[in-house]
Amino acid sequence: MKKVYVFLAEGFEEMEAVTPVDLLRRVNEGVVDVKLVSVTGNKAVTGAHGITYMADLLFEEIEDDADMLVLPGGMPGTTNLMAHEGLAELLVKQYNDRKWVAAICAAPMVLGALGIVMGRWATIFPGMEEYLVGADISKEEVCVSGNVITSKAPGTAVPFALKLVEVLVSESYAEHLKKEIVFQQG
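Computed from a prediction, not measured in an experiment: that's the story for all the values here.

Draft legend 1. The arrangement of the packing of aromatic side chains in detail. Taken as a whole, this structure holds 3 aromatic pairs when the rule is applied. On the basis of an interplanar angle of 65 degrees and a centroid distance of 6.3 Å, the ring pair of Y5 and F7 is categorised as edge-to-face. For the residue pair Y5 and F7, the accessibility class agrees, reading buried in each case. Members of the aromatic cluster, each reached through a chain of ring pairs, are Y5, F7 and F59.

This is the structure we're talking about:
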């Protein structure tokens with residue numbers, strides 16, 4: 001079973017957290033185990049638009065065994081994620097272990113600050129490209145470069161989530177989900 005942690009900090013962008021969790025949980029039972037993880041010390045975490053979510057786990061309860069770590073964007077959610085030292089250490093270890101690291105909207109700036117996108121293709125919310133330190137800037141909605149996946153904004157949450165399904169499960173299952181949710185692109 002593939003294990004995925006989606007990290008929540010106060011002020012996270014709700015669509016960018018919930019959409020990947022929703023689509024990954026639609027995968028056949030026993031294939032992907034995705035958990036919302038709070039970095040706040042409290043399981044109740046409020047997003048940028050005032051919606052409070054209950055995380056499955058606190059950061060202190062997770063193990064170092066995930067196949068993928070996911071960072072939703074939003075402000076001040078992204079800066080709150082960036083301020084969490086334990087998360088920074090985990091992200092660097094995950095990247096160095098050649099396991100998946102994914103971030104959307106403003107959250108790729110966390111990867112930029114940690115040197116994770118250096119020498120890789122990456123994308124971020126338009127106008128924030130300076131935070132992708134050492135990266136080649138992609139104009140794609142979703143960019144995969146090695147073991148790093150980045151995406152642009154709340155409007156790209158579905159393609160981002162489908163890409164996570166594709167790399168963790170299969171392209172055919174991602175296509176199946178596209179049909180199931182009647183997702184039409186372009």
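Moving on from the model shown.
Draft legend 2. View of the side chain of T156. Take T156: it is sitting in the loop between β11 (148-151) and α5 (157-168). A polar side-chain atom of T156 sits 2.7 Å from a polar atom in the side chain of S151. Those residues within four positions of T156 in sequence are excluded, and the remaining contacts are I104, E141 and S151.

Draft legend 3. Representation of the environment of T78. Here T78 shows up in helix α2 (residues 77-82). Residues T78 and V39, spaced 39 residues apart in sequence, show a C-alpha to C-alpha distance of 12 Å. Contacts of T78, omitting those with residues within four sequence positions, involve P72, G73, A106, A107, M109 and V110.

Draft legend 4. Highlighting the pattern of salt bridges. Tallied over the entire structure, the rule returns 9 salt bridges. Residue R26 is joined to E180 by a salt bridge in which the shortest nitrogen-to-oxygen separation is 3.4 Å. On the criterion of sequence distance, the pair formed by R26 in the loop between α1 (14-25) and β2 (32-38) and E180 in helix α6 (residues 171-180) is long-range, its members being 154 residues apart. Note on E180: relative accessible area 40%, which makes it partly exposed. A single network of salt bridges, built from pairs that share partners, joins D22, R26 and E180.

Calculation criteria
- Residues numbered from 1 in each chain as written.
- Predicted model: local features only at pLDDT ≥ 70, side-chain atom pairs only at ≥ 80, totals over all residues.
- Heavy atoms only, no water.
- Phe/Tyr/Trp six-rings, centres within 6.5 Å; stacked < 30°, edge-to-face > 60°.
- Buried < 20%, exposed > 50% of the residue type's maximum accessible area, 1.4 Å probe, protein only.
- Helix = DSSP H or I, 4+ residues; strand = E, 2+ residues; numbered from the N terminus.
- Polar contact = N/O pair within 3.5 Å; in protein donor to acceptor, adjacent residues only side chain to side chain.
- Contact = heavy atoms within 4.5 Å.
- Salt bridge = Lys/Arg side-chain N within 4 Å of Asp/Glu carboxyl O.

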